[in-house]
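Observations on the model geometry
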Amino acid sequence: MWKLWLEMDPETKERVAKNAKIAGIVMILIGLAGIVFPGIMSVAVVFFVAWMMLFGGLMTGYFTWMSDRSDWMGWLKTFVLVVTALLLIFKPLPGIAAVGLLLAIYFLFDAFGNFAMAFAMKPAKGWWMWLLNGLFSIVLAAIFLVGWPFSSLYLVGLFVGISLFIDGIVLVTLGSYLKKEG
């Protein structure tokens, strides 16, 4: 995938570089907010997950209604998504522990993806940034799993903030590399 990215025409490369920098700066700012206010970021993450689940449940219910009203599995899925979302919205603290465990798993998968990206990009400029990002993700997952579930309230927000901050730095850096090559 990144070989195509590096072989773009100069005009497209410049556009991608600009958008990568903008997205990177936004991610850095949101990441800094999560690092400074981890409790608020933890609640925001749980609310985000809850609202996505609620939207998914409502869309599943709509699809079931429109396609096959007698599909009890579709209604069961709708019910589970909507009830879980409402529980997360009205009782966010237990949800933070659950989301915390999911984030630890996410960081492990993120590390794997970053390692794969690093070795796919090697020897192109900036490949080591993906490798470094993968190492950070492994460290975050390990720290998270050691203190779980008691430290989830601040760790969810803190680690989402750190991850967004690092991802933002990687995007800004790679956007700069692209601009120089363009």
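Definitions and limits used
- Residues numbered from 1 in each chain as written.
- Predicted model: local features only at pLDDT ≥ 70, side-chain atom pairs only at ≥ 80, totals over all residues.
- Heavy atoms only, no water.
- Helix = DSSP H or I, 4+ residues; strand = E, 2+ residues; numbered from the N terminus.
- Phe/Tyr/Trp six-rings, centres within 6.5 Å; stacked < 30°, edge-to-face > 60°.
- Buried < 20%, exposed > 50% of the residue type's maximum accessible area, 1.4 Å probe, protein only.
- Lys NZ or Arg CZ within 6 Å of the ring centre and 35° of its normal.
- pLDDT = per-residue confidence, 0-100.
- Patch = residues over 30% accessible without salt bridge, like charges linked within 9 Å, V, L, I, M, F, W, Y side chains within 5 Å.
- Areas by Shrake-Rupley, 256 points an atom, 1.4 Å probe, with all protein chains shown as cover.
- Salt bridge = Lys/Arg side-chain N within 4 Å of Asp/Glu carboxyl O.
- Contact = heavy atoms within 4.5 Å.

1. A look at unusual backbone geometry
With an omega of 15°, the peptide bond running from Lys122 to Pro123 counts as cis. Relative to the helices and strands, Pro123 is located in the loop between α5 (92–121) and α6 (127–147). Omega for the peptide link from Trp148 to Pro149 comes to 0°, which places this bond in the cis form. Relative to the helices and strands, Pro149 is located in the loop between α6 and α7 (152–181).

2. Details of the packing of aromatic side chains
On inspection of all chains with the given rule, the structure shows three aromatic pairs. Here Tyr106 and Phe107 contribute two aromatic rings whose centre-to-centre distance is 5.4 Å and whose plane-to-plane angle is 55°, an arrangement assigned as tilted. Look at Phe144 and Phe159: their rings are 5.8 Å apart centre to centre, the planes differ by 55°, and that puts the pair in the tilted class. Of this pair, Phe144 sits in helix α6 while Phe159 sits in helix α7, and the two are 15 residues apart along the sequence. For the pair shown, Phe144 and Phe159 are each scored as buried. Among the aromatic residues, those joined into a ring-pair cluster are Tyr106, Phe107, Phe144 and Phe159. The positively charged end of Arg69 is found above the aromatic ring belonging to Trp65, 3.8 Å away from the centroid.

3. What to know about the confidence of the model for the protein
Parts of the model with low pLDDT should not have their predicted coordinates read in detail. Here the protein averages 89 in pLDDT, while 96% of its residues score no lower than 70. When mean pLDDT is taken per element in the protein, helix α4 (residues 72–90) scores highest with 95 and helix α1 (residues 2–6) scores lowest with 57.

4. Here we look at a nonpolar patch on the surface
On the surface, Leu101, Leu102, Ile105, Leu108, Phe109, Ile138, Leu145 and Trp148 cluster together into a nonpolar patch covering about 730 Å² of accessible area. Of all the elements in the fold, those that place two or more residues in the nonpolar patch are α5 and α6. Ranked by the residues each element gives to the nonpolar patch, the list is headed by α5, at five residues. Mapped onto the elements of the fold, Trp148 is located in the loop between α6 and α7.

5. Let's talk about the environment of Leu171
Looking at where Leu171 falls in the secondary structure, it is placed in helix α7. According to the relative accessible area criterion, Leu171 is partly exposed, its value standing at 26%. Leu171 sits 152 residues away from Asn19 along the chain, and the two C-alpha atoms are 9.1 Å apart. Not counting residues up to four positions away in its chain, the partners in contact with Leu171 are Ala20, Lys21, Ala23, Gly24 and Met27.

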